[in-house]
Amino acid sequence: MNINIQSFLLNEEATLFDALKVIDSNAQGICFIVDEQGKLTGILTDGDIRRALLKSNTVDTPVKLVMNMNFNALPLGTPAELINSALNDKIRHIPLIDEAGKLIDFASRSRTRRIPIMQPSLSGNEVKYVTDCVQTGWISSQGSYVKQFEKMFAEYCGVPYALACSNGTTALHLALASLGIGPGDEVIVPDYTFAASINAILYTGATPVLVDIDRTSWTIDIDSVKTAITDKTKAIMPVHIYGHVCDMDALTKLAAINNIQIVEDCAESLGSFYRKQASGVFGAVGAFSFFGNKTITTGEGGMLIFKDKETYERASVLRDHGMSKTKRYWHDHVGYNYRMTNLQAAIGVAQMERIEEILQLKRNIAKTYNKAFSHFEGLQLHGEKSETINSYWLYTMIVNPGFGVTRNEMIERLSKNGIEGRPAFYPLHEMPVYAKEEFIRGREFPNSKYVSENALSLPSYVDLTDEEMSSVIKSVEMAFAVKAINIELT
Ligand SMILES: Cc1ncc(COP(=O)(O)O)c(C=O)c1O
């Protein structure tokens, strides 16, 4: 990360107020105090300032009275390995100085490593099983790992049938196709979701009908669904967004009364439960994704789960080119090749072996973030509605407008601190490809818009270290703290 060192410098006559302003503008939590010749004489971090203010100093206190003069500096040009080995939990910044002691640059962990939003955890038997595929030559979709993965997955979800697919989007399309959904049918889908949900409906030729979401769970709003049902409604696609399961009681009742199918988009909800049952078991079909950022991954991959044998068998035929299971090369349907390879499934099996551990780690991350953020009035956490267990696939919260810091300012601050923060999806109805009158029919989407404009996702991968988590928390806290002090003092 390139920086302008001037935005970190203060002279010895500066006050704590000046220091706060410098720290606010550089967003690195540190400033350097230099004498008239530019020689480094002290360092001040946001923590030092906080402690100084607590010890009855004021913002008018000169920095030289509280700055840290006992710092470790290294000569400019010190090899990176040496610098990295000198950085630790206590020493987070190392000034780099020239021969005259003049500050030229500084090193910090956030400048050498960026904390991504997600990354896969492949520390189990993944390499072993993939190697097995390669060594035995079973690399296409015919190998035994595919069946093993399907079996493990079905058992985990508590259903009799699972069908592995090439990705989550093909899984969703196959789910709709296996229920015979096509042109002339309508499928109700939330306005706030990843576009694959609506795309899968469009592939079938059916008409997607967009509805708003609930303001607290951010999942499909039941009252909006009620008003969107017509004679043509064939299915509802609830999306268990970020791992929060929809109100499946209300939806299953509504679907039964109106003779409508439910296809659950569980791409983000493996390990999420509603009334102690896994997401995906409430509708006719549940569709999962194993993209690289998902709770478990196979690189690209997907899975369908079914309670009903007939639907499963129809999906299975359609997945394999529509070819008869008893008469080779005889095609009863125009099918697809949506199969998963044995290589993908090998990774899937290894991931499923660790599913409980992975989910526990995810929940721990959410617990730590929740604890740190719950007292901020400006933040609305996602949480869990009653009867749900959130897998917290991607930790996401709303930065309420009007509390000093906007979502986008927060992302900027995180980025300056070497942390990836991600904005929410756009409302589907705002994108020209989906902004069709027949999809919208005068409905409005205030909650979808609100979540889209203000939600922020934070690093949530299972190998996130405690230290990385504290950096994320500190960055969010600092965004509020600096803003609050500025508002009070100016
Ligand atoms: C809600 C939702 N539905 C569907 C998908 C599609 O899954 P895939 O990327 O595996 O095609 C994703 C994620 O990518 C998703 O987040």
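This is a predicted model, so every value here is computed, not measured.

1. What about helix α1 (residues 16–26)?
Burial in α1 covers these residues: Leu16, Phe17, Ala19, Leu20, Val22, Ile23 and Asn26. A positive phi of about 55° marks Ala27, the residue just after α1.

2. Quick look at the environment of Leu270
In this fold, Leu270 is placed in the loop between β11 (261–265) and β12 (273–274). Taking the C-alpha atoms as reference points, Leu270 and Ala287, 17 residues apart in sequence, are found 9.8 Å from one another. Leu270 has contacts with Phe153, Tyr156, Phe288, Thr295, Ile296, Ile355, Leu359 and Ser391, leaving out every residue within four places of it along the chain.

3. A closer look at the environment of Asn293
Looking at where Asn293 falls in the secondary structure, it is placed in the loop between β14 (285–289) and β15 (302–306). As for Asn293 and Pro120, which are separated by 173 residues in sequence, their C-alpha atoms are 6.3 Å apart.

4. Some remarks on the pattern of salt bridges
Between side chains of opposite charge, pairing is possible as soon as their charged atoms come close. By the definition in use, this model includes 21 salt bridges. With its nearest N and O atoms 3.3 Å apart, the salt bridge here joins Arg275 to Glu387. You can see Arg275 sitting in the loop between β12 and β13 (277–278) and its partner Glu387 sitting in the loop between β16 (379–381) and β17 (388–389), a full 112 residues away along the chain. Where Glu453 meets Lys449, a salt bridge forms, and the shortest distance between an N and an O atom there is 3.5 Å. Within this pair, Glu453 and its partner Lys449 are both found in helix α17 (residues 446–454), separated by four residues, close to a single helical turn. A cluster of three or more residues bridged by salt bridges with shared partners is formed by Lys147, Glu150, Arg319, Asp320 and Lys325.

5. Side note on unusual backbone geometry
Look at Ser56: it is not a glycine, yet its phi comes out positive at around 60°. On the secondary structure map, Ser56 appears in the loop between α2 (46–54) and α3 (63–66).

6. Thoughts on the site of the ligand
Near the ligand you find 16 residues, and of these Gly168, Thr169, Asp265, Glu268 and Ser289 are the closest. The separation between an oxygen atom of the ligand and a polar side-chain atom of Asn167 is 3.4 Å. Within the side chain of Ser289, one N or O atom sits 2.7 Å away from an oxygen atom of the ligand. Calculation on the ligand without its partners gives an accessible area of 380 Å², and the protein chains cover 93% of this total. Per element, the largest residue contribution to the shell around the ligand is three residues, and it comes from helix α8 (residues 168–178). The class makeup of the residues in the shell around the ligand is six nonpolar, seven polar and three charged.

7. Some details on the nonpolar core
Ranked by internal contacts, the top residues of the largest apolar core, which has 50 residues, are Phe149, Phe153, Ile188, Val225, Leu251 and Phe288. Here this core gets seven residues from one element, more than from any other, and that element is helix α7 (residues 144–157). Here this core gathers at least three residues from each of two domains, domain 2 (126–353) and domain 3 (355–489).

8. Considerations on α2
In an α-helix, one turn spans 3.6 residues, which is why side chains three or four residues apart end up on the same side. All buried positions along α2 are accounted for by Asp46, Gly47, Ile49 and Ala52. Directly after α2, the chain includes Ser56, whose backbone phi takes a positive value near 60°.

9. Concerning the pairing of strand β2 (residues 30–34)
Most of β2 is tucked away, with five of its five residues classed as buried. By the alternation rule, side chains of β2 split into Ile30, Phe32 and Val34 and Cys31 and Ile33, which are all buried. Following the chain from strand β1 (residues 9–11) across α1 to the adjacent parallel β2, one finds a crossover that is right-handed. Taking the residues between adjacent antiparallel strands as the criterion, β2 and strand β3 (residues 40–45) are bridged by five residues, where Gly38 takes a positive phi near 85°.

10. A word on the packing of α7 against helix α13 (residues 342–353)
α13 packs onto α7 with a crossing angle of 35° between their chain directions and a minimal axis gap of 8 Å. Seen along the crossing, α7 lies across α13 with a hand that is left-handed. Together, Ser144, Tyr145, Val146, Gln148, Phe149, Met152, Phe153 and Tyr156 of α7 and Asn342, Ala345, Ala346, Gly348, Val349, Met352 and Glu353 of α13 make up the contact between the two elements. By residue class, the composition of the contact of α7 with α13 is ten nonpolar, four polar and one charged.

Cut-offs and rules
Along every chain, residues carry numbers that run from 1 in the direction the sequence is written. Where local features are concerned, this predicted model is filtered to residues with pLDDT of at least 70; where side-chain atom pairs are given and counted, the filter is 80 or more; whole-chain, interface and lining totals use all residues. For the side-chain quantities, the full set of heavy atoms in the structure was used; hydrogens and water were omitted. Exposure is judged per residue with a 1.4 Å probe applied to protein chains only, and the accessible area is read against the type maximum: over 50% gives exposed, under 20% gives buried, and values in between give partly exposed. Each helix is a run of H or I in the DSSP string that is no shorter than four residues. Each strand is a run of E no shorter than two, and both are numbered from the N terminus. Contacts: residue pairs with any heavy atoms within 4.5 Å of one another. When a carboxyl oxygen of Asp or Glu lies within 4 Å of a side-chain nitrogen of Lys or Arg, that pair is called a salt bridge. Working definition: residue near molecule or strand if any one of its non-hydrogen atoms lies within 4 Å of it. A 3.5 Å cut-off defines polar contacts: any pair of N or O atoms within that distance qualifies, except that in protein one atom must be a possible hydrogen donor and the other a possible acceptor, and neighbouring residues in sequence count only when both atoms are side-chain atoms. Using the Shrake-Rupley algorithm and a 1.4 Å probe, accessible areas are obtained, with residue cover drawn only from the displayed protein chains. Here the term charged refers only to Asp, Glu, Lys and Arg, the term nonpolar to Ala, Val, Leu, Ile, Met, Phe, Trp, Tyr, Cys and Pro, and the term polar to all other amino acids, Gly among them. Grouping buried Ala, Val, Leu, Ile, Met, Phe, Trp, Tyr and Cys residues that are joined through side-chain atoms within 4.5 Å yields what is termed a nonpolar core. The domain limits used here are those given by an automatic or database domain assignment. For the handedness criterion, the strands are oriented away from the viewer, and a crossover whose path from the first strand over the helix to the second runs clockwise is classed as right-handed. One requirement defines pairing of two strands: DSSP has to find at least two bridges between them. Axis definition: a line fitted to C-alpha atoms, over the contacting stretch in the case of helices. Angles run 0 to 180 degrees between N-to-C directions. Crossings are sorted by hand: turned counterclockwise from the far helix by less than a right angle, the near helix makes the crossing left-handed, and turned clockwise it makes it right-handed.

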